[in-house]
Amino acid sequence: MKLIVQIPCFNEEATLPAVLAEIPRQIAGVDAVEVLVIDDGSTDRTGEVARVGGADHVVRHRANRGLAAAFSTGLEACLGLGADVIVNTDGDNQYRGEAIPALIQPILEGRADIVVGDRRPASLPHFSPSKRLLQRLGSAVMRWLSRTDVPDAVSGFRAMSREAALDLNIVSSFSYTTDMLIQAGRKGMCVTAVTVPTNAVQRDSRLFASSGDFVKRSAVSMLRAYSMYQPLRVFLLIGSAAALLGLLPIVRFLYFFVAGQGEGHVQSLVLGGALLVIGFLTFVIGLLADLVSFNRKLLETIARDLRRHDLEEPHRAEPVAAEDREPLATQPRWTSGG
């Protein structure tokens, strides 16, 4: 049983040594623990600090591609290294390495495919009342969208089995957290949460400029991910809203028409008819999107099987040593240096 802890990093030379030092190297039920650092185009000494600090593998993006891309790169590298369990943590030292054994325990016991670390945001001192409210509302929406019961949906401290990692296809360019949960829930994975301790936050998040920016980008990411798996429901809702709005002016026209005053209210009939047509076309688009979603599911199944076959090839046992790597979509053989 091999556990690999992956750490996506961007300019984390100040905090990464503490993160690496806290990761336990011996865990009950695990034969080997390795650490993988994904240097997402850092302009500081993050890569060098990772090697000096004891990281077993370092994968580097030549340019900063964002957290979601770094997370996906880490998954591919971990799978290539033969990981049976993968833990993702942040390079800002927010999550405590001592919690890793508890985080992976449900997976080791076969009770879960994915485990999310619950920071108990309501008790975090650096969370303002407004941020706590937004986090609570956002997590509630995520539980509904993903059909999972995760109290801290945007926590980056999470563990997953090898099979779960093989099944994930992160499409968001903003953050993997919500995208991953919606995929997991809609694909029937067992997702659970465990309470984890946290360290004091040493800097503001680099993922977003403000709380408003985070809410906006998270909402777009959640809507996109949900629409991928429930397109008919999304477009039916939009089309129904347009059709209902279209009925109002039509009813208004009919009221005046029956009263003998229809000539002065033809514009209501035109507006209502236009909205009804929009509603109908939206519904048709939903049907087409639903058919496309079935094709996507087939493609995901094929991609998962191809990935599994590729990872089982003999040449995967000895990864090539190099510092830089290309995007996985164009270079299936990942490279690392450590």
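Because the structure is a prediction, the values reported are computed rather than measured.

Rules of the game
Residues numbered from 1 in each chain as written. Predicted model: local features only at pLDDT ≥ 70, side-chain atom pairs only at ≥ 80, totals over all residues. Heavy atoms only, no water. Axes fitted to C-alpha atoms, helices over the stretch in contact; angles between N-to-C directions. Helix = DSSP H or I, 4+ residues; strand = E, 2+ residues; numbered from the N terminus. Parallel < 35°, antiparallel > 145°, perpendicular 65-115°, else oblique. Nonpolar A, V, L, I, M, F, W, Y, C, P; charged D, E, K, R; others polar. Expected span 1.5 Å × (residues − 1). Buried < 20%, exposed > 50% of the residue type's maximum accessible area, 1.4 Å probe, protein only. pLDDT = per-residue confidence, 0-100. Contact = heavy atoms within 4.5 Å. 1 Å grid on protein atoms, 1.4 Å probe; cavity = no way out; pocket = protein on both sides within 12 Å on 5 of 7 lines; lining within 4 Å. Points joined across faces, edges and corners; volume = space filled by probe spheres on them. Phe/Tyr/Trp six-rings, centres within 6.5 Å; stacked < 30°, edge-to-face > 60°. Salt bridge = Lys/Arg side-chain N within 4 Å of Asp/Glu carboxyl O.

Points about the packing of helix H9 (residues 231–258) against helix H10 (residues 266–311)
Phase 1: For the pair H9 and H10, the least separation of the axes is 7 Å and the interaxial angle reads 170°. Taken together, H9 and H10 sit at an angle that is classed as roughly antiparallel.
Phase 2: Residues belonging to the contact of H9 with H10 are distributed by class as follows: 22 nonpolar, nine polar and two charged.

Focus: H10
Given 3.6 residues to a turn, an α-helix orients residues that are three or four positions apart in the same direction.
Phase 1: In this model, H10 (46 residues) spans 66 Å end to end at C-alpha, consistent with the 68 Å of a helix rising 1.5 Å per residue.
Phase 2: Within H10 the residues assigned to the buried category are Ser-268, Gly-272, Gly-279, Thr-282, Gly-286, Ser-293, Arg-296, Glu-300, Arg-307 and Leu-311.

Some thoughts on the confidence of the model for the chain
Phase 1: Averaged over every residue, the pLDDT of the chain is 83; the share at 70 or more is 85%.
Phase 2: Across residues 314–338, where pLDDT falls below 50, the model places 53 contacts with residues more than four positions away in sequence or in other chains.

Describing the side chain of Gln-230
Phase 1: In this fold, Gln-230 is placed in the loop between helix H8 (211–229) and H9.
Phase 2: If we skip the residues at most four places from it in the chain, Gln-230 touches Arg-147 and Arg-186.

Here's the deal with empty space enclosed by the protein
Phase 1: One pass over the full model with this rule turns up one cavity of 30 Å³ or more.
Phase 2: In this structure, the largest cavity occupies an estimated 30 Å³ of space.
Phase 3: Lining the largest cavity are Val-19, Glu-22, Ile-23, Thr-89, Asn-93, Tyr-95, Arg-96, Gly-97 and Ile-100.
Phase 4: When grouped by side-chain class, the residues that make up the lining of the largest cavity number four nonpolar, three polar and two charged.

Focus on the packing of aromatic side chains
Phase 1: For the structure on display, the rule yields four aromatic pairs.
Phase 2: Look at Tyr-95 and Phe-157: their rings are 5.1 Å apart centre to centre, the planes differ by 15°, and that puts the pair in the stacked class. A residue pair is termed long-range when its members are at least 10 positions apart, and Tyr-95 in the loop between strand S4 (85–88) and helix H4 (100–108) and Phe-157 in the loop between helix H5 (129–146) and strand S6 (158–161) qualify at 62 residues. Per residue, the accessibility class of Tyr-95 equals that of Phe-157, and both read buried.

Topic: the pattern of salt bridges
Two side chains that carry opposite charge are able to pair once their charged atoms sit near each other.
Phase 1: Tallied over the entire structure, the rule returns eight salt bridges.
Phase 2: The salt bridge involving Glu-13 is made with Arg-45; its shortest N-O contact spans 3.6 Å. Of this pair, Glu-13 sits in the loop between strand S1 (2–9) and helix H1 (16–22) while Arg-45 sits in the loop between strand S2 (32–40) and helix H2 (46–52), and the two are 32 residues apart along the sequence.
Phase 3: Owing to a relative accessible area of 31%, Glu-13 belongs among the partly exposed residues under this scheme.
Phase 4: Of the charged contacts in the structure, one is a salt bridge between Arg-25 and Asp-56, with a shortest N-O distance of 2.7 Å.

Quick look at the environment of Gly-246
Phase 1: With respect to the secondary-structure elements, Gly-246 resides in helix H9.
Phase 2: Overall, Gly-246 belongs to the buried group, its relative accessible area being 0%.
Phase 3: Measuring from C-alpha to C-alpha, the distance between Gly-246 and Gly-273 comes to 6.4 Å, with 27 residues separating the pair along the chain.
Phase 4: If sequence neighbours within four positions are ignored, Gly-246 has contacts with Gly-272 and Leu-275.

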